[in-house]
Amino acid sequence: MKNLIFAILILLTLPTSAQEYISYSVRPAGSASSGSNATLSDTTNLSLWLKADEGYSTTWADQTGHGNDATLTGSSSIANELNGLPAIRFNSSSSEHASITDNASLQSTVGYTIFMVFKIYDQTTLQSFLRNKPLGAAQSTSGFSIEVSANSYTTNTNIADNTTTRAWGWSSGGGTLPTDYFVAVWVLPPNKDNSRFIHDNTELSITTTSYGTDGSPLTGTVDGIDLHIACEPSSQTRHADISVVELLIFKEASSTTKINTVRSYLSQRTGISLTDL
């Protein structure tokens, strides 16, 4: 009893800052051990952030503060799907998808880096994961798409500069896709030669085809139509059969250091083992 009273007296006489440190250094009983406690340290140029464990109800709320909330057409939440986190399920057979209204916070002159933690249930048909470029539009039409066909990534990126001489597209990364949840990274820069596709710890080989005549980096603005998740936006076809745990879109062609920072955060969140590139 004397020892207990002595310990309490020591705590009460500590400075306020020290008491706060002690308070937060001990994890409360029953709290999450990993996923929900991970923190992203660098959110510079982050324009869209969707997390399956935050903001999902009749819409899917953007966590950046830009208000890029996703309107849902179908979908469901699967509890405890990955490291204690839920996932948002988009069923292609029911044409389920999400859409985000195009606005200035999603438009870019410097390209994009996209991180997505998801699982693909059907790897045999052409599907759109992310797309704000109309299906069948001219190659010079502004927008981008990330699609899959025959077990390999196919990314079509277009940046409009009011000419056709610098429009470019189809960067294809070969390799078999994982069958379970994985962390995908797509770097879509104005210069097609700097494109990068990464899933988990594998950087895919890339072949690029320029639709322009001079091969120069693009200088215009990516200003597509409404961004769609799990389908193509204009005719709402090419539905993807996927579950998504987290999606982040940065308006930049991120450096390797920045990519490693975000991947480290996602590794803590999901429990997927990721090493620095």
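Details of the structure are given in the entry above.
Residues numbered from 1 in each chain as written. Predicted model: local features only at pLDDT ≥ 70, side-chain atom pairs only at ≥ 80, totals over all residues. Heavy atoms only, no water.

(A) Here's a closer look at the overall build of the protein chain. In terms of regular secondary structure, the protein chain is built from 3 helices and 17 strands. Of all 277 residues assigned to the protein chain, the portion counted as buried reaches 47%. Taking the intrachain contacts of the protein chain between residues at least 6 apart in sequence as the baseline, contacts between residues at least 24 apart amount to 66%. If you sum the accessible surface of the protein chain, you get close to 12,300 Å²; carbon and sulfur atoms cover 50% of it. (Helix = DSSP H or I, 4+ residues; strand = E, 2+ residues; numbered from the N terminus. Buried < 20%, exposed > 50% of the residue type's maximum accessible area, 1.4 Å probe, protein only. Contact = heavy atoms within 4.5 Å. Areas by Shrake-Rupley, 256 points an atom, 1.4 Å probe, with all protein chains shown as cover.)

(B) Region of the structure containing the packing of aromatic side chains. For the structure shown, the criterion picks out 8 aromatic pairs. Consider the rings of phenylalanine 118 and phenylalanine 129, whose centres lie 5.0 Å apart with planes at 75°: the pair is edge-to-face. With phenylalanine 118 in strand β7 (residues 112-120) and phenylalanine 129 in strand β8 (residues 127-131), this pair connects stretches of sequence that are 11 residues apart. For the pair formed by phenylalanine 118 and phenylalanine 129, the shared burial category is buried. Aromatic side chains phenylalanine 118 and phenylalanine 182 sit 4.9 Å apart centroid to centroid with 40° between the ring planes, which places their arrangement in the tilted category. A residue pair is termed long-range when its members are at least 10 positions apart, and phenylalanine 118 in strand β7 and phenylalanine 182 in strand β12 (residues 182-188) qualify at 64 residues. (Phe/Tyr/Trp six-rings, centres within 6.5 Å; stacked < 30°, edge-to-face > 60°.)

(C) Examining the pattern of salt bridges more closely. Counted according to the given criterion, the structure contains 9 salt bridges. Its salt-bridge partner being aspartate 53, residue arginine 269 comes within 2.9 Å of it at the nearest N-O pair. One end of the pair, arginine 269, is in helix α3 (residues 256-270); the other, aspartate 53, is in the loop between β1 (46-51) and β2 (59-60), and 216 residues separate them in sequence. A relative accessible area of 29% places aspartate 53 in the partly exposed class. Where arginine 196 meets glutamate 203, a salt bridge forms, and the shortest distance between an N and an O atom there is 2.8 Å. Given the relative accessible area of 17%, arginine 196 is considered buried. (Salt bridge = Lys/Arg side-chain N within 4 Å of Asp/Glu carboxyl O.)

(D) Here's a closer look at empty space enclosed by the protein. Enumeration according to the criterion identifies 2 cavities of 30 Å³ or more in this entry. The space that makes up the largest cavity amounts to roughly 50 Å³. Along its surface, the largest cavity is lined by Asp102, Leu106, Tyr112, Asn132, Phe144, Ile225, Leu227 and Ile249. Its residues assigned to classes, the lining of the largest cavity shows 6 nonpolar, 1 polar and 1 charged. (1 Å grid on protein atoms, 1.4 Å probe; cavity = no way out; pocket = protein on both sides within 12 Å on 5 of 7 lines; lining within 4 Å. Points joined across faces, edges and corners; volume = space filled by probe spheres on them. Nonpolar A, V, L, I, M, F, W, Y, C, P; charged D, E, K, R; others polar.)

(E) Main features of the environment of arginine 89. With respect to the secondary-structure elements, arginine 89 resides in strand β5 (residues 85-90). Along the primary structure arginine 89 and glycine 74 are separated by 15 residues, whereas in three dimensions their C-alpha atoms are 9.0 Å apart. Not counting residues up to four positions away in its chain, the partners in contact with arginine 89 are Ser75, Ser76, Ile78, Glu96, Tyr121, Asp241, Ile242 and Ser243. Engagement of the side chain of arginine 89 in a polar contact is seen with the side chain of aspartate 241, the distance being 2.9 Å. (Polar contact = N/O pair within 3.5 Å; in protein donor to acceptor, adjacent residues only side chain to side chain.)

Everything listed is a geometric property; what it means functionally is a separate question.
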